[in-house]
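Each chain, written out:
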Amino acid sequence: MAKDWLELRQHADTGIETIRAHFEGHAYDPHWHDSYLVGITLSGTQQFHCRRERHRSTPGDAFLLEPGEIHDGDAPVEGGFTYLTFYLDDHWLSDTLRGLYESVPSSYSLHFSHTIAREPQLIRAIAHTFYALHSEEMRIVQQSAMDGLLSQLTHHCQWRRRLPSQLQSTAIAHRARDYLHAHIGDNVGLSDLARETGTDRFTLTRCFKREFHLSPHAWLIQLRLATARSQLAKGETPADVAAALGFADQSHLGRWFQRAYRLSPAHYRRLCTNLPDDDGK
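I will try to describe carefully the structure that is included in this document. Nothing here was measured: the structure is a model prediction, and the numbers come from that model.

### Some remarks on the environment of Trp5
Here comes step 1: On the secondary structure map, Trp5 appears in strand 1 (residues 5-10).
Here comes step 2: What makes Trp5 partly exposed here is its relative accessible area of 33%.
Here comes step 3: Those residues in contact with Trp5, other than ones at most four positions away along the chain, are Arg20, Ala21, His22 and Thr82.

Laid out in structure tokens, this is it:
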């Protein structure tokens, strides 16, 4: 009998999602988020792949993931694992932390130094912020907790500038990514992306994989899932979301969504909006 469970709440003021969950065995398939992910393992051992490495997070560990970083999850030992996490908007976090440094050029981007961090003060800040948001504490308590977390995160962040040798490949990949964003619901082919970026299909795919660690097709699926998550949280129905984002039908969306997030689209929508489930999956 499955013993998995998941609690999800969406903070009214900021839209930050807070999640506390327990999984045994396989937790979720490889996927990415369009936000920074910050969390801690509460019990057991959480295993996941990220940045081409296998990580194990145990109680007292924080995990820090950037937007677009592919990760999966499973419990390698009996009893599973329990964790808490929340998502921070990438533009908000980058702009806020940029203001805490004396001078950071706009050409630099924000990165977490390590995927796993074992710093007690950071662990306490993450836990305090999570419970302040998840338990709907007074706004002054929530905002003070967020300020404390941001202060701790500055010790685990770095600003990077790309090397000149990377710029051409990066530019091709980002033009392709922007095209996929603009045509998210269309039946896009590699030939369309090659034409848009002024290169051939093989060079395009090679540059895209180097930058985003996924093929254009696999990345498009993840983009559609992340966008579906956002639209469902606003109350749109699974049927409408599936049609708008290019999924074959509502069941097609449901299968991908369940694999990535361990929730059906309808259940996720209800958790975020308190609207009743429709007839969809």
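### A word on the packing of aromatic side chains
Here comes step 1: With the rule as written, the count across this model stands at 14 aromatic pairs.
Here comes step 2: When the ring of Phe48 is compared with that of Phe63, the centres are 6.4 Å apart and the planes differ by 65°; the resulting orientation is edge-to-face. Note that Phe48 is positioned in strand 5 (residues 46-50) and Phe63 in strand 7 (residues 62-65), a separation of 15 residues in sequence. Pair check on accessibility: Phe48 and Phe63 agree, each one buried.
Here comes step 3: Following the ring pairs from residue to residue traces out a cluster consisting of Phe23, Tyr28, Phe48, Phe63, Phe81 and Tyr83.

### Thoughts on unusual backbone geometry
Here comes step 1: Phi is positive for Arg51, which is not a glycine, with a value near 55°.
Here comes step 2: Inspection of the secondary structure puts Arg51 in the loop between strand 5 and strand 6 (53-57).
Here comes step 3: A residue is classified by how much of its surface remains accessible, and Arg51, at 29% relative accessible area, is partly exposed.
Here comes step 4: Unlike most non-glycine residues, Glu136 shows phi in positive territory, near 55°.
Here comes step 5: By secondary structure assignment, the location of Glu136 is in the loop between helix 2 (120-134) and helix 3 (139-153).

### Here we look at helix 2
Here comes step 1: Compared with the 21 Å implied by 1.5 Å per residue over 15 residues, the 21 Å span of helix 2 between its first and last C-alpha is a close match.
Here comes step 2: Taken residue by residue, helix 2 has Leu122, Ile123, Ala125, Ile126, Ala127, Thr129, Phe130, Ala132, Leu133 and His134 as its buried positions.
Here comes step 3: Within two residues after helix 2, Glu136 carries a phi angle of roughly 55°, on the positive side.

### Describing the packing of helix 1 (residues 90-98) against helix 3
Here comes step 1: The N-to-C vectors of helix 1 and helix 3 enclose an angle of 75°; their axes lie 11 Å apart at closest approach. As summarised for this structure, helix 1 and helix 3 are arranged roughly perpendicular, according to the angle between their axes. Across the interface between the two elements, Trp92, Leu93, Thr96 and Leu97 from helix 1 touch Met146, Leu150 and Leu153 from helix 3.
Here comes step 2: When grouped by side-chain class, the residues that make up the contact of helix 1 with helix 3 number six nonpolar, one polar and no charged.

### Things to note about the sheet that holds strand 11 (residues 116-117)
Here comes step 1: Taken together, six strands build an open sheet; the order of strands is 1-2-9-4-7-11 and the sheet is antiparallel. Both edges of this open sheet fall to strand 1 and strand 11, since each of them pairs with a single strand only.
Here comes step 2: Relative to strand 9 (residues 81-89), strand 4 (residues 35-44) is paired through nine bridges, and the arrangement is antiparallel. Directly across from Gly39, in strand 9, lies its bridge partner Thr85.
Here comes step 3: With respect to the sheet, helix 10 (residues 265-273) is in contact with strand 1 and strand 2 (17-23), its orientation differing from that of strand 1 by roughly 45°.

### Quick notes on the nonpolar core
Here comes step 1: In this structure, Tyr83, Leu180, Trp219, Leu225, Leu253, Phe257 and Tyr268 are the most contacted members of the largest nonpolar core, which totals 51 residues.
Here comes step 2: Residue contributions to this core peak at nine residues, all from helix 7 (residues 216-233).
Here comes step 3: Look past the residues within four positions of Leu225 in its chain and what remains in contact with it is Phe247, Leu253, Trp256, Phe257, Ala260 and Tyr261.
Here comes step 4: Ranked by size, the runner-up nonpolar core spans 27 residues in total, among them Phe86, Leu97, Ala125 and Leu149.

### Notes on the pairing of strand 6
Here comes step 1: When strand 5 meets strand 6, the two strands line up antiparallel, connected through five bridges. Within strand 6, the residue paired with His49 across the bridge is Arg54.
Here comes step 2: The hairpin turn running from strand 5 into strand 6, its antiparallel successor, is two residues long, and Arg51 in that turn takes a positive phi close to 55°.

About the criteria used
- Residues numbered from 1 in each chain as written.
- Predicted model: local features only at pLDDT ≥ 70, side-chain atom pairs only at ≥ 80, totals over all residues.
- Heavy atoms only, no water.
- Helix = DSSP H or I, 4+ residues; strand = E, 2+ residues; numbered from the N terminus.
- Buried < 20%, exposed > 50% of the residue type's maximum accessible area, 1.4 Å probe, protein only.
- Contact = heavy atoms within 4.5 Å.
- Phe/Tyr/Trp six-rings, centres within 6.5 Å; stacked < 30°, edge-to-face > 60°.
- Expected span 1.5 Å × (residues − 1).
- Axes fitted to C-alpha atoms, helices over the stretch in contact; angles between N-to-C directions.
- Parallel < 35°, antiparallel > 145°, perpendicular 65-115°, else oblique.
- Nonpolar A, V, L, I, M, F, W, Y, C, P; charged D, E, K, R; others polar.
- Pairing = 2+ DSSP bridges.
- Core = buried A, V, L, I, M, F, W, Y, C linked by side-chain atoms within 4.5 Å.

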